[in-house]
Structures are given as C-alpha cells and as structure tokens.
Amino acid sequence: MKFTKILLLSLECLISACVVRCSEIKLVKNGYDNVVIAINPGIPENLTLITKIQEMVTSASSFLYNATKHRAYFRDVKILLPITWTPQPSYQRPTTQSYEKANVIIAESHVKFGDDPYTHQYGRCGEKGRYIHFTPGFMLNDHMIPIYGPRGRVLVHEWAHLQWGVFDEYNDLVPFYFSGEEIRATGCSKEIKGEITSCSVSSCSCNIDRSTGLPNGDCLFFPDKTQTTAASIMYLQGLEDVVEFCDSKNHNAEAPNMQNKMCNYRSTWDVISQSEDFKNNPPADITSLVPTFTLLHAKDRVLCLVLDDSGSMRSANRINRLRQAASIFLLQIVELGSQVGIVTFDSTAIIRANLRPIENDNVRKELLQFLPTTADGGTNICSGVRAGFQVLSRDDGATNGDEIVVLTDGEDFSISRCFEEVRQSGAIIHTIALGPSAAKELEQLSSMTGGLQFLATDNVDENGLIDAFTGLVSGNGNISQQSIQLESSGKSINRNSWFNGTVYIDKTIGNDTFFVITWQTAVPSIFVEDPSGKIYNNANFEIDNTLLTGRLAIPGTAQIGAWNYAIQNKATTVQDIAITVTSRAADEKVPPVTVNGHINQAKSEWPKPLIIFAEVSHGFLPVIDANVTATVERADGNSVDVVLLDNGADPDAVKNDGIYSRYFTKFAGSGRYSLKISVQGKNGKTKLAARWQGRAMYIPGYVQNGFIQQNPPRPPSVDDGTQPDLGSFKRVKSGGTCFVSQVPTGTPPDRFPPNKIMDLIATVVEDKIQLNWTAPGDDFDQGNASYYEIRMSKNFTQLKDYFQSAHQVNTTGLNPKTANSEESVMISENIELKNGTVIYFGVVAYDKVNQTSELSNIALAALLLPPPIPSTPSTSPNQSQPLTTSRSSSATTSRSSSATTSMRPPSSPSQPNESPVINITAIVLLVGCVVVIVTLIIAITVCIVATRRRQQVSPR
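The text that follows walks through the structure, step by step, so that each part is easy to find. (Residues numbered from 1 in each chain as written. Predicted model: local features only at pLDDT ≥ 70, side-chain atom pairs only at ≥ 80, totals over all residues. Heavy atoms only, no water.)

Judged by pairing direction, the sheet is antiparallel, and its five strands sit side by side in the order S23-S31-S25-S29-S28 without closing on themselves. Where the open sheet ends on each side, the last strands, each with one partner, are strand S23 (484-493) and strand S28 (542-544). Strand-to-strand twist across the sheet, computed as the mean angle between neighbouring axes with direction ignored, equals 15°. Direction of pairing for S28 relative to strand S29 (residues 549-557): antiparallel, over a ladder of three bridges. Among the inter-strand pairings, glutamate 542 is bridged to a residue of S29, identified as arginine 551. (Pairing = 2+ DSSP bridges. Helix = DSSP H or I, 4+ residues; strand = E, 2+ residues; numbered from the N terminus. Axes fitted to C-alpha atoms, helices over the stretch in contact; angles between N-to-C directions.)

Encoded structure:
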C-alpha cells in the first residue's frame, strides 16, 4: 500500500515563532547561546541557588557534548533573577529575556506534588517544548541526586525534550510489557539489566497479575548499578554507565513508551541528529566546555503604546474601538508599579505622554486623555516605533527589556527600514493588526523581539480588539498580579432587544473585578446580579459618554458564584454591544485557574493543517474535563468554532493532561487567522490531574552485588483526596495569529487524510480479541472516515515495516463512527488462543478519496500465564533488601537480565548476572510432562493392584 505522506509533510519543520514561549536559543559553532534560566518571583533570595544552577549547567555542558557526539554544549547562559532580590553591581539589565519566555524556570510546584523535574511539552515529534521546570527542592537538596541522578544529567534529559522534541522511553502507566514470551521493563535499550520486584521491610518479591500475565502494580524495576550498555539518556539518565541516546542499533521499538508512540518508532538519536540544530553544526573539537554565565536582574515593566491614528482608522468605527480597548488596558490590565507612555502616528509620530508610573487609579485615568480621538493622514509605522524608543529611553537612557505595543490597520511598505534598529534596541515589540489590510510585515517586529502578536477584525461579535489588549499582561512570572479575562462577548442587538449571559467567579480569583460594557451610539440599560441576588444597574456603573463605556468595579473580593448580566439596547436602531469581565487572584499564595492558547505555526502554506492548542491549568497542575472552544477568525472575516479535546487522540498527545487540541482545516482565503479560546468549568465535573509525561525518571533504587539499595519513595502525587474543589469557572484568552498562504479560491480539493490512530488497544476476552480505539475523521479529526484496514501478525517488525504483507482482518460491517467516537470490534478469525499466544495489531483509516492515515500505534494481545515460582532465601547486607520471592498462587518475579522477568530465581550476591533464563513455555512443557508421567505411574499402579486382587479372588 502506498501511504500518503501529506500528514508527515504537514507536521515537519513547523515555524514556531508564535507558539514556543522559549527565548531565542541559538546554536552557533556547536555552542548554545542565550540559554535563559529564570527564578520565579516567589522564591526567597538565596545566593546558593545561583551557585547550584551554575554547577548544574557546567556539568551538563560536558555531558551534552559527549552525548551529542561532539556536536553541542552550553556556551552562553543567562540567569534571570527576580525583581524581589537585592540589586548587585554585577547584575545586568535583561533585554528580550523574561520569565515568561525562559527555557528553564525555577519555581515551587504550589501543591504537594514533589520535586519531579519535567519539561512542559505537548507538540509533535521534533517540535520544541515550552519550558523545563525545576523546583528549589530539586536544586538545593542533594538527597535528590540518588533518586534522579546528578543534576547535569537530568538537565540533558530535559533539554532533549525541550530543544529536540523527543520523548521519554519509560512509561509509568505501562511499566512492563511482553516481548515475545518474556516480560520486560518498558525502556531503551533492551540491554539494560536489573530486577523487577517489590520490596517490603524484610524482603523483595514480585507477583504476577494472572489477568494480564504482567507484574502487578506494586512491582518496580531496579536497575543494576553497573551496566554493560551506554544507552539510554531518555530512560535512565541517572546511571553512571548510561551516556548515550538510543540509536538505530539499540533502539527498542517494541516498548510501549511515548517516544515510540509520538515518533513512529524512531530512535531518540535519529530524531535529535535530524534536528535543525545539527544541520550546520557537525562534530567539532572544543577546548573549553565551561559556560559563560550572566546574571540578569528583572525590573518593573516599562511600556509604550504606539497607536495608529491614520485616515484608515476612521473605517468600521476603529478609532473609537481603539480608545475603548486601550482604556481597558490602562485602567485594568497594566500592573501597578509599571511605567506607561503613549505615542500616536500617521505619516509622522507624536509623543502624547511620556512615561508615567502606574501608582494609583488617578494616574490610569489621566492617561486616557492622551488616547487618539481623530484619524487622518498616511501610515508610517517606523516613525511610531522610533518615537516609542525615545519615550522608553527617558527613564534610564536605555530600551533594554522595555516593551512597545504597535497597533495599526494600514499598509506600510517601508516598515523593513527600521528592522535593524528594532533588533539593536533590546526592546520587546507586541503587534496588533487591526482589520484586513494591516502591513504584511508587521508580525516580523514581534517575531524578531519575542513579542506577542494579535489580530483584531472588524467583527464586533468576537470583541477581538479588547481581547488583544487584555492579553498584554506582564511576563514577569507573578501570576497573582496578572489580570485574568473571564468574559469577552459582543453582539449586534436590535432596538429594545436583550443581551444576556452568566459569568462565574471561582475561589481562585475575585480581586480587582470589573464589568465593562461598550456600545456605539446610545447608553444601554445594564443589569448585573451577584450570587446573593443584589442588582447593579446603570447608577452603579461609571458611564463615560466620550469612550462610550460603562465600568463597574466590584469592591473587595467578588462573591463566589454565578453573576448574571442582562443588557438592553435603548438606541433607536441596531447597535453593537460588548461585555468584558476581568479579575485578579484572590490570594497571592494560591495560583488562579488560567488558560493559554496558540496555533502551532506562525506561517503556513495550504494544505498544511493548523493545530490548535489550549492549556488549562491551576498553577502547574492540569485542569481536566473542562469545556474548551476555539474560535478562529478566518481571512474572509467569518468565524469558525472548534471544540477542543483532551482525549489522547491525534493531535492530542496525552489524555487528561490539561492540554486540549484539534486540527483546523476549514480555510477560507489567504491571510491572517486569529485564535480565541473560551473555557467553561462546571462545578463537580472539572478537576485537577497530575503531570506524568516529560519527566526525569524516578529511580526506586539500584541492584548492587546482588542486593537492592532502595531510594526514598517518590512523594505522593495529587489524587482525588487532595484536589481542591474548583467549582464553576469561565476564562477567555486570545491565542495569537497565523498567516496562511496559497489557499485556493472556491472549493479547495480534498487534501486532508484521516488522522493517525494513537490509542489502539488489544485485549483478550475469553476466546476472542477485542480492539478499541478512538475514531479518526475524514479530514484529520473531523467528519467520518470511509473504512478501516486492520491487519495482524505474530511478528512486530512485519506489522510495523511491512504492513501490507500481514494478515488482513475481515472488517465487513465495521462502518467508521464520527471522529473522536469510541470504536470497538471483536476478532476471532484465524486466532487460536492458548497459553503463549502473542499477536500484534495495526489499523489504517481511509477517507472518501482513498487517502490513508498513518499506521496506528501497534497493539499487542498476549495470553501468557506463568506458574508460581518457589521462593529462594537470600542474605542482605546492612540497609539493603534481599532478592527473594514469596510463594503464592500467582507467579512471582525477581532477578533477570535485559530488564526482563523471565522467571529466574533470585541472584546470588557472588554471581548477580549468571542465573540461567527459564522460559515460560519451557516451564509449561516441563509441568505438563511431569503431570503425564505422574498420571502414567498412577495408572500402572492401579492396574497392577487390580490384577493382583483378581488373582486373589479367582478359583484355583
């Protein structure tokens, strides 16, 4: 079969300027430059932490250099210290570096989740991750080193997640699997040796679950302290002998881990070596691998609004909408302690207000008078940017680390003339493209400086311009200071008609809560009811007849519960009315529920699909079972709603990890596409989950000289007993933009195949095998596929590499369900289920024009039930656990080579790796032979006794 390559091509080499939050890392002449490690503002000042960071990176640099075969090391590292720490003469001022864009963050986990180091990663294979998270406990407490390994090794493990988009080779959820008839620990390579067992106070043993044939949930894998293999860092980074990534020679394609699932069974080194980093960085001899460290000290936010007031801003009520949106930013969004200036531009630029510190509400209101009121002239974006630099430099003579917000609706073909000045400024530029004709090069200003980019159309229903300004929160990492958008909605309302809705205040927010209503001509009638039944009306709102806004400030902390609003249009004609509700954290020590969304590409050419991601979290914990909707405003001005899912089906990598995603394929014209995320959490349904993916492996202990040396137990993760009740909540967030080109006019041809099945499961049910998976669609994850092709084999490699040669399963009557539905089918043909049966399955989906999905993950069905193994006593040294097995009705395991439980007896301390392997099938045959022999002996004995008795009673 000729598999389509559209899906593969569409996901390779994705441009990540608007998606990846990391700073601009550069690999130049084999050295990584501008690596940013940021300390959270909530961490108390501790200079030892700086020392530990430097030691970790220095150690990691040489380890990385050797692991990448002399291709990469850490050369230039910047440590960003919080503004709350005491200034020192050696500290420098940051440029475009910020906590929000750091590669590595040092922060408390906020919950009793332990100190597991992990990488926040939810892209495709080969795509960069979001950030590495280390806790102060991990960095400062040396007792963590035996559990995870030396910090430098852990950093390299996480760096591979972050920079190269590879995945873990172990699997906490599926720690063991069948390889033929042997049980192995999930990992890479197969040559890793150790014990599968479970240790109590006095002994170690491991029982087999007879329903699966695998070790039960208490069993763990204890690697040998000394190994004969060097791979792999993405499995056991803490072992001294492990110094390499698995490559094509030793990759374990059978292991049910994320690396195989996400990277189509490619080895980690294959993915790493094909990355962009190494295309122009061949191996090189580097004399010094010691990084250069620069200490940066964060500062208060300094920002200048650079606003277009050219003639085109008269169209579609843009100038007034600009004033309404900017007023919300000045009054509610920009944080206390910030400094703000204002510049307007058309053919030339005018400085309207120099920097003013945001000390109180009076300063906020004074800045409103400097917003533009009229529109005329041409568009010269560079003049506005240069005037913005002048404003920013008036506080300390420099623009490093300062911010500019550029809003424009006009075309400007000369914008590239100031690109070099922008690069040299050290400032961060955020861009807002208003309407369909904004300069096509506008987003380059934000891309080259690490700024945010937004699109606001003239469709007031989406409230896009206000969403853009409410998305301009600080990137300093202090989430308690950031304004959170709870509601953003607009409608064209007929005369005397109503606009109704509900906003939820949950326990994580409630301070600085504002309801803002905007309109076009006449003041509407406004009613807001709080959870206790109190009604707020126009008399309670601060009405601004110039800005055409009504603003209600809720005193103190807003009451938890449902807040209902009703707005009636009192104008004589139809008018556009919108509502925006914002709030801040109720407690600075408790992180609020937040949402962040993005599109996986900054630029795309049709027919590459877009992937929409939304992350819903409570601090560092995922929020699951929420209702998440993405609204995409297309280039033709129309909007499309897409329900995002966290079900583990492509493109979602992991089920219930708080990352909601879907493909977007409903293109309409070339141009900018913008994203808005809306999240609704329902009381009693939405809950928290623990992070399980992208983590350095916790090592329970080691086997040394035939005895197990146990590590301290991993701290318990969040469970239902410790989850706070989040209640009902609502969040809205702009997710940025993507520019799509080459979209055909009219009805485009079908170029989208079904998405890949990633969750195929095979289960033995009595005398049949049941397959379950999530249905793909006709166009990726939308619609219905036309039919399935299911094949099976007793050989894993045959099914993976030669799918068409495997046996085809009869799928007559199996009609694909709608995408993301649960599929299930029973298979009994050509299957003889008996002890020792191992069968692999794979599925491919076809669409209506016979385009095919990628081959699914390969699922294994096994019927392997080993008999009990007698226990063998062992003597343990001090503070070590003996390798013994306890006798029970089910088989138990202990020592085996190649990380298998091949039913070996426990190892002797003097010969830890010399025990012969006893195959399960051999045991079954041996037991069968014994039973036959015993039966024959009994039969012969009975026959002889009967013959003698007949002889005794017969006549002589």
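In this section: the side chain of glutamate 823. Structurally, glutamate 823 can be placed in strand S48 (residues 822-827). Only 2.7 Å separates the side chain of glutamate 823 from the side chain of tyrosine 788, close enough to count as a polar contact. Every residue in contact with glutamate 823, bar those within four places of it in the chain, is listed here: Leu771, Asn772, Trp773, Ala775, Tyr788, Leu814, Asn815, Pro816 and Lys817. (Polar contact = N/O pair within 3.5 Å; in protein donor to acceptor, adjacent residues only side chain to side chain. Contact = heavy atoms within 4.5 Å.)

Summed over the entire model, instances satisfying the criterion amount to 38 salt bridges. For arginine 266, the salt bridge is made with aspartate 270, and the minimal N-O distance between the two is 2.8 Å. The exposure class of arginine 266 is partly exposed, given its relative accessible area of 32%. Residues lysine 730 and glutamate 487 are paired through a salt bridge, measuring 3.2 Å at the closest nitrogen-oxygen approach. (Salt bridge = Lys/Arg side-chain N within 4 Å of Asp/Glu carboxyl O. Buried < 20%, exposed > 50% of the residue type's maximum accessible area, 1.4 Å probe, protein only.)

Looking at the element boundaries, proline 555 is found in strand S29. Taking the C-alpha atoms as reference points, proline 555 and asparagine 511, 44 residues apart in sequence, are found 8.2 Å from one another.

A few words now on helix H10 (residues 381-393). Between the first and last C-alpha of H10 there are 19 Å, a value that for 13 residues agrees with the 18 Å anticipated at 1.5 Å per step. Within H10, ten of the 13 residues are buried, leaving the element largely enclosed by the surrounding structure. Listed in full, the buried residues belonging to H10 are Ile381, Cys382, Ser383, Gly384, Val385, Ala387, Gly388, Phe389, Val391 and Leu392. Two or three places before cysteine 382, at the opening of H10, asparagine 380 has a side-chain oxygen 3.4 Å from that residue's backbone nitrogen. (Expected span 1.5 Å × (residues − 1).)

It is worth spelling out a nonpolar patch on the surface at this point. Where nonpolar side chains cluster on the molecular surface, the patch consists of Trp498, Phe527 and Ile535 and spans about 290 Å² of accessible area. Mapping phenylalanine 527 onto the fold places it in strand S26 (residues 525-529). (Patch = residues over 30% accessible without salt bridge, like charges linked within 9 Å, V, L, I, M, F, W, Y side chains within 5 Å. Areas by Shrake-Rupley, 256 points an atom, 1.4 Å probe, with all protein chains shown as cover.)

By the secondary structure assignment, alanine 387 is in helix H10. The exposure class assigned to alanine 387 is buried, which follows from its relative accessible area of 7%. Sequence separation between alanine 387 and phenylalanine 345 is 42 residues, and the spatial gap between their C-alpha atoms is 8.9 Å. For alanine 387, the contacting residues outside a window of four places in its chain are Val343, Ala349 and Ile351.

Here the focus is the sheet that holds S48. What the three strands build is an open sheet, ordered S44-S45-S48; its pairing is antiparallel. Each of the sheet's edge strands pairs with one partner strand only, and the pair in question is strand S44 (761-765) and S48. Direction aside, neighbouring strands of the sheet carry axes that sit 20° apart on average. Pairing geometry for S44 and strand S45 (residues 768-774), over five bridges, is antiparallel. Its bridge partner being in S45, valine 764 is matched across the sheet by isoleucine 769.

Before going further, it helps to examine the pairing of strand S37 (residues 639-644). Side chains of S37 alternate between two faces, with Val640, Val642 and Leu644 buried and Ser639, Asp641 and Val643 left unburied. Of the strand pairs in this sheet, strand S36 (residues 627-633) and S37 are connected by six bridges, and their pairing is antiparallel. Residue pairing for S37: alanine 630 is matched across the bridge by valine 642. Linking S36 back to S37 in an antiparallel pair, the connection comprises five residues, with glycine 637 at a positive phi of about 95°.

Bringing the packing of helix H2 (residues 47-67) against helix H5 (residues 151-164) into the picture now. Interaxial distance between H2 and H5 falls to 8 Å at its minimum, and their mutual angle equals 70°. In terms of their interaxial angle, H2 and H5 are classed as roughly perpendicular. Across the interface between the two elements, Lys52, Met56, Val57, Ser59, Ala60, Phe63 and Leu64 from H2 touch Arg151, Gly152, Arg153, Leu155, Val156, Trp159 and Trp164 from H5. Counted by class, the contact of H2 with H5 contains nine nonpolar, two polar and three charged residues. (Parallel < 35°, antiparallel > 145°, perpendicular 65-115°, else oblique. Nonpolar A, V, L, I, M, F, W, Y, C, P; charged D, E, K, R; others polar.)

Moving on, we come to the state of the cysteines. In total, this model carries five disulfides according to the counting rule given. Each disulfide pairs two cysteine sulfurs, and for cysteine 188 the partner residue is cysteine 246, the sulfurs being separated by 2.1 Å. Residues cysteine 188 and cysteine 246 are joined through a disulfide that is left-handed, its torsion about the S-S bond being -115°. Of the two residues, cysteine 188 is situated in the loop between strand S10 (182-185) and strand S11 (194-199) and cysteine 246 in the loop between strand S15 (220-223) and helix H6 (258-262); the sequence distance between them amounts to 58 residues. Across this residue pair, the class does not change: cysteine 188 and cysteine 246 are buried. Disulfide pairing is shown between cysteine 199 and cysteine 204; the S-S distance is 1.9 Å. (Disulfide = S-S within 2.5 Å.)

As a rule of thumb, soluble globular proteins bury nonpolar side chains together. If you look at the biggest cluster of nonpolar residues, it comprises 91 residues, and the most contacted ones within it are Tyr32, Phe74, Phe134, Trp159 and Phe245. Take this core: its biggest share by element is nine residues, from H2. Leaving out residues up to four positions away in the same chain, tryptophan 159 has contacts with Ile25, Tyr32, Val35, Leu64, Phe74, Asn103, Ile132 and Trp164. (Core = buried A, V, L, I, M, F, W, Y, C linked by side-chain atoms within 4.5 Å.)

Describing an aromatic ring pair means giving the distance of the ring centres and the angle of the ring planes. Per the counting criterion, the structure on display carries 26 aromatic pairs. Here tyrosine 32 and phenylalanine 74 contribute two aromatic rings whose centre-to-centre distance is 6.1 Å and whose plane-to-plane angle is 40°, an arrangement assigned as tilted. Remark: phenylalanine 74 occurs in strand S4 (residues 73-74) and tyrosine 32 occurs in strand S2 (residues 31-33); sequence separation between them is 42 residues. Across this residue pair, the class does not change: tyrosine 32 and phenylalanine 74 are buried. Residues tryptophan 164 and phenylalanine 278 carry aromatic rings whose centres are separated by 5.7 Å and whose planes lie at 45° to one another, so their mutual orientation is tilted. Here phenylalanine 278 lies in the loop between helix H7 (268-273) and strand S16 (292-297) and tryptophan 164 lies in helix H5, a separation of 114 residues in the sequence. Pair check on accessibility: tryptophan 164 and phenylalanine 278 agree, each one buried. The positively charged end of lysine 225 is found above the aromatic ring belonging to tyrosine 702, 4.0 Å away from the centroid. Lying across the ring of phenylalanine 803, arginine 791 places its NZ or CZ 5.7 Å from the centre. (Phe/Tyr/Trp six-rings, centres within 6.5 Å; stacked < 30°, edge-to-face > 60°. Lys NZ or Arg CZ within 6 Å of the ring centre and 35° of its normal.)

Our focus in this paragraph is the packing of helix H8 (residues 318-333) against helix H9 (residues 361-368). When two helices pack together, their arrangement is given by the angle between the helix axes and by the axis-to-axis distance. Across the interface, H8 lies against H9 with an axial gap of 9 Å and an inter-helix angle of 170°. Our classification of the angle between H8 and H9 gives roughly antiparallel. Here H8 runs over H9; the crossing is right-handed. On H9, the residues touching Ser327, Leu330, Leu331 and Gln332 of H8 are Arg364, Lys365, Leu367 and Leu368. (Left-handed = near helix turned anticlockwise from the far one by under 90°.)

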